[in-house]
Amino acid sequence: MEDLILKCPACGRSLKVNKTAADGVLVCPNPNCNYRDHISRFTKVQLKRVQCRNCRKGVITIDANHTGNLTCQNCKNTDDVLNYFEMKETVGNKQNTEFQTIISPKKQQEKLSVIGALRLVEGECNTEIVKLKPGINTIGRKAASSDSNIQLDSSDKYMGRKHVNIEVVTKSDNSIEHYLSDADSKNGTMHNNEKMFPEDIIILTTDDLITIGKTTFQFVIEKS
């Protein structure tokens, strides 16, 4: 078996990684370093990590070629792998599985007929209501150098100038879905008090909490 000799991103200590390894957690052997990460970040195997749709606590690793069912090791729930991926039409009208990490909520997916908004719950922000628009809403702290199309008047230094994306999509049945993803922010994004993985795309439902930096918003449907 071939091994890769890498350096720990945190302390620089040498790490030995099996080149063919597909799963597991890599832990730095340095007792003074707490670095740990999924081994797929260091190998060429294309994997995705997703939260279990049932318990929202278990983390499932999926190979891009996986078919059939997945079992969460936390709650033992079994689910079809395709429930974690978005189906899109490709040239020739053939169905193709787009390997994005689409996480549906635990509760039955509600069908929304209007576009939602974000309501400030807590944090140093003068923007109390963020109205979303069709398409990609890129949200971040207001700054001259920001290219976000929704800029928040905030003094929260942990909020990035380009922090999260919320894509508003109208489905074929005219229902509306809101897809939350982190925009490669420095400090990450929390959804319902759980940190999102960089590849996560979460379908929002009413009352979901979104924390960017130290500022928390609630996803709401405003009554007309």
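Attention in this report is confined to the structure presented alongside it. What you see is a predicted model, and the numbers here were worked out from it, not measured in a lab.

A closer look at the overall build of the protein chain
Helix and strand counts for the protein chain come out as zero helices and 22 strands. In the protein chain, buried positions account for 41% of the 224 residues. Put simply, 40% of the contacts in the protein chain that link residues at least 6 apart link residues at least 24 apart.

Here we look at the packing of aromatic side chains
A full pass over the atoms with the stated rule returns zero aromatic pairs. When the ring centre of Tyr158 is taken as origin, the NZ or CZ atom of Lys214, which lies over that ring, is 4.7 Å away.

Concerning the pairing of strand β22 (residues 215-220)
Of all six residues making up β22, five are buried, and the element is well covered by its neighbours. Pairing geometry for strand β12 (residues 117-122) and β22, over five bridges, is antiparallel. For Arg119, the partnering residue across the bridge sits in β22 and is Gln218.

Structural notes on the pairing of β12
Both β12 and strand β13 (residues 129-131) contribute to a ladder of three bridges, which runs antiparallel. Each residue of the ladder has a partner; that of Ala117, found in β13, is Lys131. Hairpin connection, β12 to β13: the antiparallel pair is bridged by six residues, and Gly123 has positive phi, about 130 degrees.

Looking at the environment of Lys142
The topology assignment puts Lys142 in the loop between β14 (135-141) and β15 (150-152). Note on Lys142: relative accessible area 55%, which makes it exposed. Separated by 11 residues in the primary sequence, Lys142 and Asp153 place their C-alpha atoms 5.5 Å from one another. Beyond its immediate sequence surroundings of up to four residues, Lys142 is in contact with Gln151, Leu152 and Asp153.

Procedures and definitions
- Residues numbered from 1 in each chain as written.
- Predicted model: local features only at pLDDT ≥ 70, side-chain atom pairs only at ≥ 80, totals over all residues.
- Heavy atoms only, no water.
- Helix = DSSP H or I, 4+ residues; strand = E, 2+ residues; numbered from the N terminus.
- Buried < 20%, exposed > 50% of the residue type's maximum accessible area, 1.4 Å probe, protein only.
- Contact = heavy atoms within 4.5 Å.
- Phe/Tyr/Trp six-rings, centres within 6.5 Å; stacked < 30°, edge-to-face > 60°.
- Lys NZ or Arg CZ within 6 Å of the ring centre and 35° of its normal.
- Pairing = 2+ DSSP bridges.

Take it as geometry only, folks, not as evidence of what the structure does.
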